[in-house]
Amino acid sequence: EAGVTQFPSHSVIEKGQTVTLRCDPISGHDNLYWYRRVMGKEIKFLLHFVKESKQDESGMPNNRFLAERTGGTYSTLKVQPAELEDSGVYFCASSRTRMVNEQFFGPGTRLTVL
Amino acid sequence: AQSVTQLDSHVSVSEGTPVLLRCNYSSSYSPSLFWYVQHPNKGLQLLLKYTSAATLVKGINGFEAEFKKSETSFHLTKPSAHMSDAAEYFCVVTVYGNNRLAFGKGNQVVVIP
């Protein structure tokens, strides 16, 4: 069974540009989560999808971040326009059920905003 | 709100000696607690979990953790470190029914040959 995959693994952009991160969950997992780790800080929850619906987006930092999950399969997280403080590692996780102990994580996308 | 504290961001251990990573939690309710590990260029992997059953929890790769409510702690231990244990370890807390995971800052473990 393939794990959670994320693309790209690294992205370097300039302030003001747009970046789109992609996450492919494990097949059959209805629940998809985004987390972020900013340099020197802990990993923080961003949002949770159940299929294509946003179940909880209370962790999204501001309206420059837009997450979508059309069709309930893969998800994208767009940052527009990117700011310096958006730099960090963005993790995606998925789970078959809503039990938190079944979240499977991807390797993350390292975003650097210059 | 629930949170966890991990001190000692970097921990060095000699191969073959015990590993101890400390975690203290804060939660208004009965917590579920986890330890995750991240090896370089890999995703976060669940090591073990506590969900109100046995207080001594055994995980993968010889790790275990003990839930101590009186001390609000969930320390991770391993009797003998192996080179492959070099990684970053995260203590995580959540509340039943809540899908958020609240992470500690992590312990970067270096194993010295």
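You'll find the structure just up there.
These numbers come from a predicted model, not from an experiment. (Residues numbered from 1 in each chain as written. Chains lettered and ligands numbered in written order. Predicted model: local features only at pLDDT ≥ 70, side-chain atom pairs only at ≥ 80, totals over all residues. Heavy atoms only, no water.)

Q: Run through the interface of chain B and chain A, naming residues and quoting values.
A: In this complex, chain B contributes 20 residues to the contact, which on the side of chain A involves 19 residues. In this assembly, chain B packs against chain A so that about 1,700 Å² is buried in total across both faces, 55% of it on carbon and sulfur atoms. Ionic pairing is found between Arg 100 of chain B and Asp 56 of chain A, a salt bridge with its closest N-O pair at 3.4 Å. At the boundary of chain B with chain A, the tally comes to five residue pairs in polar contact (both at pLDDT 80 or more). Listed by contribution, the elements that provide at least two residues to the side of chain B that touches chain A are β5 (31-38), β6 (44-50) and β10 (87-95) of chain B. Tallied by class, the residues present in the side of chain B that touches chain A amount to seven nonpolar, eight polar and five charged. (Contact = heavy atoms within 4.5 Å. Buried area = accessible area lost by both parts, 1.4 Å probe. Salt bridge = Lys/Arg side-chain N within 4 Å of Asp/Glu carboxyl O. Polar contact = N/O pair within 3.5 Å; in protein donor to acceptor, adjacent residues only side chain to side chain. Helix = DSSP H or I, 4+ residues; strand = E, 2+ residues; numbered from the N terminus. Nonpolar A, V, L, I, M, F, W, Y, C, P; charged D, E, K, R; others polar.)

Q: So what's going on with the pairing of strand β3 (residues 19-24) of chain A? Which residues, and what values?
A: Residue and element names in this part refer to chain A. What you see with β3 is a clean split: Val 19, Leu 21 and Cys 23 sit on the buried side and Thr 20, Arg 22 and Asp 24 on the side with no burial. As defined by bridge partners, strand β1 (residues 5-7) adjoins β3 across three bridges and the pair is classed as antiparallel. Of the residues in β3, the one forming a bridge with Phe 7 is Arg 22. Of the strand pairs in this sheet, β3 and strand β8 (residues 75-79) are connected by five bridges, and their pairing is antiparallel. Of the residues in β8, the one forming a bridge with Val 19 is Val 79. (Buried < 20%, exposed > 50% of the residue type's maximum accessible area, 1.4 Å probe, protein only. Pairing = 2+ DSSP bridges.)

Q: So what's going on with the pattern of salt bridges? Residues and values would help.
A: Residue and element names in this part refer to chain A. Scanning the entire structure with this criterion turns up ten salt bridges over all chains. Two residues, Asp 86 and Arg 36, come together in a salt bridge whose shortest N-O distance is 4.0 Å. With Asp 86 in the loop between β8 and β9 (88-95) and Arg 36 in strand β4 (residues 31-37), this residue pair connects regions lying 50 residues apart in the sequence. In this structure Asp 86 comes out as buried when scored by relative accessible area, which is 1%. A relative accessible area of 14% places Arg 36 in the buried class. Residues participating in the shared-partner salt-bridge network are Arg 36, Arg 64, Glu 85 and Asp 86.

Q: An account of the state of the cysteines is needed here, citing residue identities and associated values.
A: All names here are of chain A. Summed over the entire model, instances satisfying the criterion amount to two disulfides over all chains. Residue pairing for Cys 23: its cysteine sulfur links by disulfide to Cys 92, the two sulfurs lying 1.8 Å apart. Looking along the S-S bond of the Cys 23-Cys 92 disulfide, the torsion reads about -65 degrees, which is the left-handed sense. Of this pair, Cys 23 sits in strand β3 while Cys 92 sits in strand β9, and the two are 69 residues apart along the sequence. (Disulfide = S-S within 2.5 Å.)

Q: Summarise the pairing of strand β6 (residues 53-56) of chain A; cite the residues concerned and give the values.
A: All names here are of chain A. Both strand β5 (residues 43-50) and β6 contribute to a ladder of three bridges, which runs antiparallel. Residue Phe 49 lies in a different strand from β6, and its bridge partner there is Lys 54. In sequence, β5 turns back onto β6 through a hairpin of two residues, with Lys 51 there showing a positive phi of about 55 degrees.

Q: Can you break down the packing of aromatic side chains residue by residue, with the values?
A: Under the criterion given, the structure shown has twelve aromatic pairs over all chains. Aromatic pair Phe 105 of chain A and Phe 103 of chain B: ring centres 6.1 Å apart, planes at 90 degrees, arrangement edge-to-face. Here the residue Phe 105 of chain A occupies a position in strand β10 (residues 104-105), and Phe 103 of chain B occupies one in strand β11 (residues 102-103), the pair thus bridging two chains. Taking relative accessible area as the criterion, Phe 105 of chain A reaches 7% and is therefore assigned buried. We note Arg 22 of chain A situated over the ring of Tyr 74 of chain A; from NZ or CZ to the ring centre the distance is 3.7 Å. (Phe/Tyr/Trp six-rings, centres within 6.5 Å; stacked < 30°, edge-to-face > 60°. Lys NZ or Arg CZ within 6 Å of the ring centre and 35° of its normal.)

Q: Tell me about the layout of surface pockets, residues and numbers included.
A: Size it by volume and the largest pocket reaches roughly 570 Å³. In this structure, the largest pocket is lined by 24 residues; those nearest its centre are Val 89, Phe 91, Pro 107 and Arg 110 of chain A together with Gln 38 of chain B. Elements with a minimum of two residues in the lining of the largest pocket: β9 and β11 (109-113) of chain A together with β10 of chain B. For the lining of the largest pocket, the class distribution of residues is eight nonpolar, twelve polar and four charged. (1 Å grid on protein atoms, 1.4 Å probe; cavity = no way out; pocket = protein on both sides within 12 Å on 5 of 7 lines; lining within 4 Å. Points joined across faces, edges and corners; volume = space filled by probe spheres on them.)

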